[in-house]
Amino acid sequence: MNSLNHVAIIMDGNGRWGLKYKNSRNAGHKAGLNTVEKIIKETIKNKIKFLTLYAFSTENWKRPKKEVNYLFNLLENFLINRIEELHKKNIKLKIIGVKNFSSKLNQLLSLSEKKTSKNKKLQINLALNYGSKFEIINALKNLSKHKKKINEINLSQYLQTKNIPDPDLLIRTGNTKRLSNFLLWQLAYSEIFFEKKLWPEFTEKDYNKIISDFKKVKRNFGNI
Ligand code: FPP
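Residues numbered from 1 in each chain as written. Predicted model: local features only at pLDDT ≥ 70, side-chain atom pairs only at ≥ 80, totals over all residues. Heavy atoms only, no water.

With that settled, the discussion passes to the nonpolar core. For soluble globular proteins, the rule of thumb is that nonpolar side chains tend to be buried together. With 39 residues, the main nonpolar core has Val-7, Ile-9, Leu-128 and Tyr-207 as its most contacted residues. Among the elements that take part in this core, helix H3 (residues 65–88) stands out by supplying eight residues, more than any other. When residues no more than four places from it in sequence are discounted, the contact partners of Val-7 are Ile-48, Phe-50, Leu-51, Thr-52, Leu-169, Ile-171 and Tyr-207. Ile-10, Ala-127, Leu-170 and Leu-187 belong to the second largest nonpolar core, which has 10 residues in total. (Core = buried A, V, L, I, M, F, W, Y, C linked by side-chain atoms within 4.5 Å. Buried < 20%, exposed > 50% of the residue type's maximum accessible area, 1.4 Å probe, protein only. Helix = DSSP H or I, 4+ residues; strand = E, 2+ residues; numbered from the N terminus. Contact = heavy atoms within 4.5 Å.)

Take Ser-180: it is sitting in the loop between strand E5 (169–172) and strand E6 (191–194). Judged by its relative accessible area of 29%, Ser-180 falls in the partly exposed class. On a C-alpha basis, the gap between Ser-180 and Leu-108 in space is 27 Å, while along the polypeptide they are 72 residues apart. Apart from residues no more than four positions distant in its own chain, Ser-180 is found in contact with Tyr-54 and Arg-172. Within polar-contact distance, the side chain of Ser-180 engages the side chain of Arg-172 at 2.8 Å. (Polar contact = N/O pair within 3.5 Å; in protein donor to acceptor, adjacent residues only side chain to side chain.)

Quick look at the packing of helix H2 (residues 25–45) against H3 now. It is at 10 Å that the axes of H2 and H3 come closest, and there the two elements cross at 30°. For the element pair H2 / H3, the angle class is roughly parallel. Pair H2 / H3 crosses with right-handed handedness. Between H2, through Arg-25, Asn-26, His-29, Lys-30, Leu-33 and Glu-37, and H3, the contact on the second element is made entirely by Lys-66, Glu-67, Tyr-70, Leu-71, Leu-74, Phe-78 and Arg-82. Looking at the contact of H2 with H3, its residues break down into five nonpolar, two polar and six charged. (Axes fitted to C-alpha atoms, helices over the stretch in contact; angles between N-to-C directions. Parallel < 35°, antiparallel > 145°, perpendicular 65-115°, else oblique. Left-handed = near helix turned anticlockwise from the far one by under 90°. Nonpolar A, V, L, I, M, F, W, Y, C, P; charged D, E, K, R; others polar.)

Of note, Asn-163 is a non-glycine position whose phi angle comes to about 70°, a positive value. Mapping Asn-163 onto the fold places it in the loop between helix H6 (152–157) and E5. The phi dihedral of Asn-181 is positive, around 60°, even though this residue is not glycine. Considering the arrangement of structural elements, one finds Asn-181 in the loop between E5 and E6.

A word on the packing of aromatic side chains. Scanning all chains against the criterion turns up 12 aromatic pairs. Centroid distance Tyr-189 to Phe-221: 5.8 Å. Interplanar angle 50°. Geometry classified as tilted. Placement of Tyr-189 in the loop between E5 and E6 and of Phe-221 in the segment after helix H7 (204–216) is noted, with a sequence separation of 32 residues between them. Feature note: the residues Phe-56, Trp-61, Phe-72 and Phe-101 constitute an aromatic cluster, connected by ring pairs. (Phe/Tyr/Trp six-rings, centres within 6.5 Å; stacked < 30°, edge-to-face > 60°.)

Pairs can form between side chains of opposite charge whenever their charged atoms are close. For the coordinates displayed, the defined rule picks out 16 salt bridges. Between Glu-85 and Arg-82 there is a salt bridge, with the nearest N and O atoms lying 3.0 Å from each other. Placement of the pair is Glu-85 and Arg-82 together in helix H3, with a separation of three residues, close to one helical turn. Note on Arg-82: relative accessible area 27%, which makes it partly exposed. One salt bridge connects Arg-219 with Asp-168, and the closest N-O pair in it is separated by 3.2 Å. With Arg-219 in the segment after H7 and Asp-168 in the loop between H6 and E5, the pair connects residues that are 51 residues apart, well separated along the chain. Taken individually, Arg-219 and Asp-168 each receive the classification buried, so the pair is uniform in this respect. Residues joined by salt bridges that share partners form a network here, namely Glu-37, Arg-82, Glu-85 and Lys-89. (Salt bridge = Lys/Arg side-chain N within 4 Å of Asp/Glu carboxyl O.)

So, about helix H5 (residues 132–145). Between its first and last C-alpha, H5 extends 20 Å over 14 residues, near the 20 Å set by a 1.5 Å rise per residue. Inspection of H5 places Ser-132, Glu-135, Ala-139 and Leu-143 among the buried residues, and these make up the whole buried set. The arc that holds every buried residue of H5, seen down its axis, measures 70°, which confines them to one face. With respect to the buried face of H5, the exposed residues turned more than 90 degrees away are Lys-133, Lys-141, Ser-144 and Lys-145. Turning to H5, the residues buried within the fold contact strand E4 (122–130) and H6. (Expected span 1.5 Å × (residues − 1). Arc of directions from axis to C-beta.)

By themselves, these observations are geometric and do not establish any function.
Next up, the structure:
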């Protein structure tokens, strides 16, 4: 049985769910946040130590301003209302991506990270304004600036996921099979599960089924 230390998730399908059931993409994001909460709880139950959630990519800025603003308001309210609870549950929050939001949100994110920085039960990495190609190029630039040799270990140390083990498992909901510029380096040997359901309809049961299937996969890492 494989051990499972780190799950990464591309939470796709909010927009389609919202349009289908509520005639509004934003309603889908709101419903998606409920799934986030359920999956966090289930991740703790499964004793998984790292959960990385792709909440906003560098390409998502292309969306209508109304949707972008809605997403950041949702995040802001989530942090204001829930950070205390996350902290009490011994959860550490880390942002991966470039924090160039409103000064209010930047501050809130930094405070939330600082407050929870010593927590040990689960580390949630929230990918916000995250793009893997940018991350890799930036790491290479920093390696060269600090006159470091380019090799796997050094490069990993200059990624935003420094000190975070690579994901064992990537789940993408929403019936789409692509990586969308997410953790391209870190996912090199992850097991990938594509899920047909849209993110707001993804349940604890679906999550546990994937976890149980993952545990049975023979992971070779290039060996036989
Ligand atoms: C992708 O679905 C989802 C997003 C770009 C946003 C993810 C946000 C949440 C799950 C809620 C907010 C989370 C936090 C942590 C506050 P899509 O909109 O691309 O769906 P579509 O493919 O159906 O259009």
